[in-house]
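One-letter residues, chain by chain:
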Amino acid sequence: MAGLNNNMTSLTPPRWLLAELTYACPLQCPYCSNPVDYANYKTELSTDDWKRVLTQARQMGAVQLGFSGGEPLTRQDLPELVQHAKALGYYSNLITSGYGMTEAKIIELKAAGLDHIQVSIQASNQQLNDHIAGTESFVHKKQVAHWVKQHGYPMVLCVVLHRDNIGQMQDILAMAEELGADYLELANTQYYGWAHLNRDLLLPTKAQFEQAEAIAQAYKEKVAGKMKIYYVVPDFYEDRPKACMNGWGSTFLTIAPDGTALPCHSARQLPGLDCPNVNDYSIAEIWNDSKAFNFFRGDDWMKEPCRSCDEKAKDFGGCRCQAYLLTGDLYATDPVCSKSSQRGVIQQAIEGAQRNIESAAEKPLIFRNNKNSKTLSNPV
Amino acid sequence: MSINPEQTIKFSPTHRLQWEEAQQKFVILYPEGLVELNQTSAEILKCCDGTLALAQIIATLEEKFATRGLTDDITAFLEVALHNGWIEQ
């Protein structure tokens, strides 16, 4: 029976489509979730290709749509795609750095049917924001946040947390309140791609993390009913892995700029998946029948201790990309789990970051840009 | 935060209640969020049109489904909905 594993896990429709319109981005954040070798993928889907993808995914059941990148505003056809999404009944989210956004564009996108804009800010002060973004952008980002509110969108402020800004928690919360954020996403860095490269410089200490979390939790109660806070935990300090992607091939569908369909936005780094491309297959064929989307569906692929674990239906063995990145085995239990025999690699990562703090000659951050991407992905 | 029985209840203007053909169910949509509803929850939320207060919503649904004794279930669900920001007063 096509699309079903032999343990008969029932196939659910995609409900979340992440459309990574482009890898082009004027910012250079050193924790970017794009692949390190993104500069090798030069082609981008055309407007018509994207429209076909949106239509087919909607027919399958996708209803939440994220326009992301890179910086999606660099695509001139964004309003046309938003309009197409609106006609299909999607709830569309624009995930932007705000760079290049104008008030006229905000109005144009609203008229086209965009539901929500998420603006990222790198820190609560200009100096650190502009350093981390690798671009002067702080003042403009705050202006964009004001326009988003002014034109009636729900406003989500996203701040990625790491060692350099986690100590600003109090100021970050005050900034979100001042900007009138309806939602604040406090996303502890997830260590893939560029963040993995820069982990020794980005991973906060446990004391930093605990202090920031306590401040955020107290604030969450204070603003209940006014501002919603999404707190994405740094799983290195947890003892159970995250339920990655709500289960592989169960909910999320990512389409990369070149049309490659991915079960999660990091899956491009996993070997042997043979991720299909929307230029060759329909979304239904990709979702139901492709090797990549069936690879970790259900639990037949699991090894011990996951296989006999009574929590396997809750966290699905954790994140496949993290397992591969940290243990070299994509079938291994996510090493974040305290039941993993390889939990030691997490401890080593924490200690490595600690050593780096104490070391006199701290190594510099590797910023996400074309030059670094080419150098790192095509070593001489 | 709890339901004021004197005031009318309306669905949040920053959320969207939508029928999903592929899933044959209603969903609530909001920034980067999706809640799939069972039929009962969807029926209750459809009554939150800003003209009815709690007692009227209960009466409407008891009449529609020709039944009695829905007060506790409907009140409990609306408390959850209010807490989650799906409805407002």
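As the structure is a prediction and not an experimental result, all values here were calculated from the model.

1. Quick word on the overall build of chain B
Here's step 1: When its secondary structure is counted, chain B shows three helices and six strands.
Here's step 2: Ordering the α and β elements of chain B from the N terminus gives β-β-β-β-α-β-α-α-β.
Here's step 3: Since a compact globule built from 89 residues should have a radius of gyration of about 12 Å, the 13 Å found for chain B is in line with a globular shape.
Here's step 4: A total of 89 residues make up chain B; the buried ones form 46% of that total.
Here's step 5: Taking the contacts inside chain B whose residues are at least 6 apart along the sequence as the reference set, 50% of them involve residues at least 24 apart.
Here's step 6: By element, 50% of the accessible surface of chain B is carried by carbon and sulfur atoms, the whole surface being about 4,800 Å².
Here's step 7: Side chains of chain B carry 6 positive and 13 negative charges; the gap between the two charge centres is 5 Å.

2. With respect to the sheet that holds strand β4 (residues 116-120) of chain A
Whenever strands of a sheet pair, they do so through backbone hydrogen bonds, lying parallel or antiparallel.
All names here are of chain A.
Here's step 1: The mixed open sheet is built from nine strands, whose spatial order is β7-β6-β5-β4-β3-β2-β1-β8-β9. The sheet terminates laterally at β7 (228-232) and β9 (261-262), the two strands that pair on one side only.
Here's step 2: Across five bridges, strand β1 (residues 16-20) lies against strand β2 (residues 64-68) in parallel orientation. Bridging across to β2, Ala19 finds its partner in Phe67.
Here's step 3: In this fold helix α9 (residues 206-222) packs onto β6 (183-188) and β7, with an angle of close to 160° to the strand it touches most, β7.

3. Digging into the interface of chain A and chain B
Here's step 1: Facing the 24 residues of chain A at the interface are 16 residues of chain B.
Here's step 2: Summing both sides of the interface, chain A and chain B together bury roughly 1,600 Å²; the carbon and sulfur share of this comes to 54%.
Here's step 3: Where chain A meets chain B, there are three salt bridges.
Here's step 4: In this structure, Glu20(B) engages Arg58(A) in a salt bridge whose closest nitrogen and oxygen atoms are separated by 2.7 Å.
Here's step 5: Applying the counting criterion to the chain A and chain B interface returns 10 residue pairs in polar contact (both at pLDDT 80 or more).

4. Observations regarding the pairing of β1(A)
All names here are of chain A.
Here's step 1: Buried residues dominate β1, accounting for five of its five residues.
Here's step 2: Side-chain alternation along β1 places Trp16, Leu18 and Glu20 on one buried face and Leu17 and Ala19 on a second face that is also buried.
Here's step 3: You can see the chain leave β1, run along helix α1 (residues 47-60) and come back into β2, and the turn it takes is right-handed.

5. Quick look at the pattern of salt bridges
Here's step 1: Scanning the model with the defined rule gives 22 salt bridges over all chains in all.
Here's step 2: Glu36(B) serves as the salt-bridge partner of Arg15(A), at 3.1 Å between the closest nitrogen and oxygen. Of this pair, Arg15(A) sits in the segment before β1 while Glu36(B) sits in strand β4 (residues 33-36), on two different chains.
Here's step 3: Beyond isolated ion pairs, a larger network of salt bridges with shared partners links Arg240(A), Glu311(A), Lys314(A) and Lys339(A).

6. A closer look at helix α6 (residues 169-179) of chain A
Residue and element names in this part refer to chain A.
Here's step 1: For α6, the full list of buried residues reads Met169, Ile172, Leu173, Met175, Ala176 and Leu179. Taken down its axis, α6 places every buried residue within 160° of arc, on the same side.
Here's step 2: Elements that come into contact with the buried residues of α6 comprise α5 (138-150), β5 (155-161), β6, α9 and β7.
Here's step 3: Of the residues trailing α6, Gly180 is marked for its positive phi of about 75°.

7. Quick word on the nonpolar core
Here's step 1: In terms of nonpolar packing, the biggest core is built from 109 residues, with Phe67(A), Leu186(A) and Ile255(A) touching the most fellow members.
Here's step 2: Within the second largest apolar cluster, 27 residues are counted, among which are Leu45(B), Phe77(B), Leu78(B) and Trp86(B).

8. Concerning the sheet that holds strand β6 (residues 87-88) of chain B
Residue and element names in this part refer to chain B.
Here's step 1: Taken in spatial order, the three strands make up an open sheet running β5-β1-β6, and their pairing is antiparallel. This sheet does not close on itself; its edge strands, each paired only once, are β5 (49-53) and β6.
Here's step 2: Pairing between strand β1 (residues 8-11) and β5: two bridges, direction antiparallel. Within β5, the position partnered with Lys10 by the bridge is Asp49.

9. Describing the packing of aromatic side chains
Here's step 1: For the structure on display, the rule yields 15 aromatic pairs over all chains.
Here's step 2: Summarising the aromatic geometry, the rings of Tyr191(A) and Phe236(A) are spaced 5.5 Å apart at their centres and angled 45° between planes, so their arrangement reads as tilted. Of this pair, Tyr191(A) sits in the loop between β6 and α7 (193-197) while Phe236(A) sits in the loop between β7 and β8 (252-255); the two residues are 45 residues apart in sequence, bridging distant segments of the chain. Taken individually, Tyr191(A) and Phe236(A) each receive the classification buried, so the pair is uniform in this respect.
Here's step 3: Ring plane angle 45° and centroid distance 6.3 Å describe the contact between Phe77(B) and Trp86(B), whose orientation is recorded as tilted.

10. A closer look at the environment of Phe236(A)
All names here are of chain A.
Here's step 1: With a relative accessible area of 2%, Phe236 lands in the buried category.
Here's step 2: As a C-alpha pair, Phe236 and Ala256 span 20 residues in sequence and 27 Å in three-dimensional space.
Here's step 3: Every residue in contact with Phe236, bar those within four places of it in the chain, is listed here: Tyr191, Arg199, Leu203, Gln322, Leu326, Val336, Arg343, Ile346, Ala349 and Ile350.

Conventions we followed
Residues take numbers from 1 onward in each chain, read along the sequence in its written order. To label them, take the chains in the order written and letter them from A, then take the ligands in the order written and number them from 1. Local features in this predicted model are restricted to residues of pLDDT 70 or higher, and side-chain atom pairs are both shown and tallied only at a pLDDT of 80 or more, whereas totals for entire chains, interfaces and linings draw on every residue. To obtain the side-chain values, all non-hydrogen atoms of the structure were used and water was disregarded. Only runs of H or I of at least four residues qualify as helices and only runs of E of at least two qualify as strands under DSSP, and these elements are numbered from the N terminus. In this setup the radius of gyration rests on C-alpha atoms only. A globule is expected at 2.2 Å times the number of residues raised to 0.38. Burial classification: accessible surface area is computed with a 1.4 Å probe over protein chains only, and a residue below 20% of its type maximum counts as buried, one above 50% as exposed, and the rest as partly exposed. What makes two residues a contact is simply this: any of their non-hydrogen atoms within 4.5 Å. Computed with the Shrake-Rupley method and a 1.4 Å probe, the accessible areas treat only the protein chains shown as cover for residues. Positive charges come from Lys and Arg alone, negative charges from Asp and Glu alone, with His and the N- and C-terminal ends not counted. A charge is said to be at NZ when it belongs to Lys, at CZ for Arg, at CG for Asp and at CD for Glu. One requirement defines pairing of two strands: DSSP has to find at least two bridges between them. Every angle, taken between N-to-C directions, lies between 0 and 180 degrees, and every axis is a line fitted to C-alpha atoms, over only the stretch in contact when it is a helix. Here's the idea: put two parts together, see how much 1.4 Å probe accessible area each one loses, and the total over both is what we call buried area. By definition here, a salt bridge exists when the distance from a side-chain nitrogen of Lys or Arg to a carboxyl oxygen of Asp or Glu is within 4 Å. We define a polar contact as two N or O atoms separated by no more than 3.5 Å, with the added condition that, inside protein, one atom must be a possible hydrogen donor and the other a possible acceptor, whereas residues neighbouring each other in sequence contribute only through side-chain atom pairs. Handedness rule for crossovers: strands pointing away from the viewer, path from the first strand over the helix to the second running clockwise, crossover right-handed. The directions from the helix axis to the C-beta atoms form the arc being described. Residues belong to one nonpolar core when they are buried, are Ala, Val, Leu, Ile, Met, Phe, Trp, Tyr or Cys, and are joined through side-chain atoms within 4.5 Å. Between 30 and 60 degrees the pair is tilted, below 30 it is stacked and above 60 it is edge-to-face, where a pair is any two Phe, Tyr or Trp rings, Trp via its six-membered ring, whose centres lie within 6.5 Å.

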